[in-house]
Amino acid sequence: MKDETMLHLENTEKPKRRGRTVLLSLLAVLLAGGGVGGLLYYLQREPEPLPARSFVLEADPEATAFLKATNPPTETPTEPPTEPITYEMQIDMEKVLEHAAVSEDVIGWVYIQDTPINYPVVQASDNDYYMDKNWKGQYSFAGSIFADYQCNIPLSQNSLLYGHNMGNGSMFHAVKYYRDEEWGKEHLFFEVATLNKRYLYKVISFNTLNGLAGADFEYWTCVNMMRDQFERFVQQIYDTSEVWYGDADYLPEYGKDRIITLQTCNSAANDGIRCVLFAECIGER
């Protein structure tokens, strides 16, 4: 047992043991003042939080330059702005209804600027009836512009309109104008109306095709299609295109785009070769 004098001398001579002496003194006070409870409180108390400090790190110029060189900033690509369509609809809906009042087979109208194509569209239960009849059902060598009996213009993935290639330039003779790419680019838009709405179409392709059964591309059978059929159909349009007017990296999409097909004979010869114009619906008014 050491007395107070010895403790005082040791603390004076050996400062490195002061921490132990302070701890022993503190324990003695706790035991005297608060007993075991005070000691437990001291041992179990939460430490006081350190005061918050903020640090500002200065950037290393060399490191910054290295990171910029090895990780150039990426820019989010922006799509080019879509050019507004300034086309104004020309089909007179009152005229359509007047024709429909005369013949119940009248289902709409077709119009292409700067051509004679400005006709009522009829539809029968087969594709032969209007080959030699006008829209009133009367005999006519020039026939009519008629829709394929299978199609429904607002609903079908592909609707087909047929018309003769008349030597006097009437009916669908002007479809052949789209063989001239310069002319075609100036006439990319045309209209087709039903009895209650006008649809605007944009030309995507002019094709010269075999229109007889057994051809590699029987486009006239492509009316109401499943996804794989539609995708094969638009790919065949592209593959057989004589003049492609559509976007270079885009084909119409199933469930989003609807096609219309305008067909006429290539010449007076009965050789089965057809001039075919494909267009996609881009709006309705």
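Structure first, text after, so check above.
Residues numbered from 1 in each chain as written. Predicted model: local features only at pLDDT ≥ 70, side-chain atom pairs only at ≥ 80, totals over all residues. Heavy atoms only, no water.

Visitor: Would you take a moment to explain the overall build of the protein for this structure?
Guide: If you tally the helices and strands in the protein, you get seven helices and nine strands. Counting every position in the protein, which comprises 285 residues, the buried fraction comes to 39%. Of the roughly 18500 Å² of accessible surface on the protein, a fraction of 53% belongs to carbon and sulfur atoms. (Helix = DSSP H or I, 4+ residues; strand = E, 2+ residues; numbered from the N terminus. Buried < 20%, exposed > 50% of the residue type's maximum accessible area, 1.4 Å probe, protein only. Areas by Shrake-Rupley, 256 points an atom, 1.4 Å probe, with all protein chains shown as cover.)

Visitor: Help me understand the layout of surface pockets, please; the structure alone is not making it clear to me.
Guide: Here the idea is plain: a probe the size of a water molecule rolls over the atoms and shows the empty space left. Considering only enclosed or pocket space, the second largest pocket measures out at about 350 Å³ in volume. Looking at the second largest pocket, it is lined by 16 residues, and the ones nearest its centre are Met131, Phe146, Tyr162, Gln263 and Arg274. When the residues that make up the lining of the second largest pocket are grouped by side-chain class, the tally is seven nonpolar, seven polar and two charged. (1 Å grid on protein atoms, 1.4 Å probe; cavity = no way out; pocket = protein on both sides within 12 Å on 5 of 7 lines; lining within 4 Å. Points joined across faces, edges and corners; volume = space filled by probe spheres on them. Nonpolar A, V, L, I, M, F, W, Y, C, P; charged D, E, K, R; others polar.)

Visitor: Mind showing me how you'd approach the packing of aromatic side chains here?
Guide: In this description, an aromatic ring pair is defined by two values, namely the gap between the centres and the angle between the planes. Summed over all chains, the structure comprises 16 aromatic pairs. Their ring planes at 80° and their centres at 5.2 Å tell us that tyrosine 177 and tryptophan 183 sit as a pair that is edge-to-face. Tryptophan 183 gets classed as buried once you look at its relative accessible area, which sits at 17%. One aromatic cluster is present, built from ring pairs that chain together Phe217, Tyr219, Trp220, Phe230, Phe233, Tyr254 and Phe278. Between the NZ or CZ atom of lysine 133 and the centre of the ring of tyrosine 129, over which it lies, the distance is 4.4 Å. (Phe/Tyr/Trp six-rings, centres within 6.5 Å; stacked < 30°, edge-to-face > 60°. Lys NZ or Arg CZ within 6 Å of the ring centre and 35° of its normal.)

Visitor: How should I be thinking about unusual backbone geometry in this particular structure?
Guide: Comment: phi is negative for the bulk of residues other than glycine, and the bulk of peptide bonds are trans. One non-glycine residue, aspartate 114, lies in positive phi territory at about 60°. The exposure class assigned to aspartate 114 is exposed, which follows from its relative accessible area of 62%. Phi is positive for methionine 171, which is not a glycine, with a value near 55°. Its relative accessible area of 8% is what places methionine 171 among the buried residues.

Visitor: How should the pairing of strand 5 (residues 189-193) be read in this particular structure?
Guide: A regular strand places its side chains on the two faces of the sheet in alternate fashion. When you tally the buried positions in strand 5, you get four out of five residues, the bulk of the element. Inspection of the sheet shows strand 1 (residues 106-111) paired to strand 5 by three bridges, in the antiparallel sense. Its bridge partner being in strand 5, valine 110 is matched across the sheet by valine 192. For strand 5 and strand 6 (residues 198-210), the ladder comprises five bridges, and the chain directions are antiparallel. Bridging from a neighbouring strand, phenylalanine 190 pairs with tyrosine 201 of strand 6. (Pairing = 2+ DSSP bridges.)

Visitor: Honestly, helix 5 (residues 93-102) in this entry has me stumped. Any pointers?
Guide: Each full turn of the α-helix corresponds to 3.6 residues, which orients residues three or four apart in the same direction. Buried residues of helix 5: Val96, His99 and Ala100, and no others. Seen from one end, helix 5 has its buried residues packed into an arc of 100°, which puts them on one side. In helix 5, the exposed positions angled more than 90 degrees off the buried face are occupied by Glu94, Glu98, Ala101 and Val102. Looking at the buried side of helix 5, the elements it contacts are strand 1 and strand 2 (118-122). (Arc of directions from axis to C-beta. Contact = heavy atoms within 4.5 Å.)

Visitor: I keep staring at the nonpolar core and nothing clicks. Help me out?
Guide: Most often, soluble globular proteins have nonpolar side chains that are buried together. Within the largest apolar cluster, 59 residues are counted, with the highest numbers of intra-cluster contacts made by Leu161, Phe190, Tyr201, Tyr219, Phe233, Leu262 and Phe278. Leave out the neighbours within four places in its chain, and leucine 262 touches Ile112, Leu161, Phe172, Val175, Phe190, Cys275, Val276 and Leu277. Counting eight residues, the second-largest nonpolar core is a separate cluster that includes Met89, Ile91, Ala193 and Leu200. (Core = buried A, V, L, I, M, F, W, Y, C linked by side-chain atoms within 4.5 Å.)

Visitor: Please explain the state of the cysteines as it appears in this structure.
Guide: Note on terminology: a disulfide is the covalent bond linking the sulfur atoms of two cysteines. Overall, the coordinates contain zero disulfides when judged by the stated rule. Sulfur of cysteine 265: no disulfide; nearest cysteine sulfur belongs to cysteine 275 and is 8.7 Å away. (Disulfide = S-S within 2.5 Å.)

Visitor: Looking at this structure, I do not really get a negative patch on the surface. What am I missing?
Guide: Together, Asp114, Asp180, Glu182 and Glu186 line one region of the surface with negative charge. Within the fold, glutamate 182 resides in helix 6 (residues 181-185). (Patch = residues over 30% accessible without salt bridge, like charges linked within 9 Å, V, L, I, M, F, W, Y side chains within 5 Å. Salt bridge = Lys/Arg side-chain N within 4 Å of Asp/Glu carboxyl O. Lys, Arg positive; Asp, Glu negative; His and termini not counted. Charge placed at Lys NZ, Arg CZ, Asp CG, Glu CD.)

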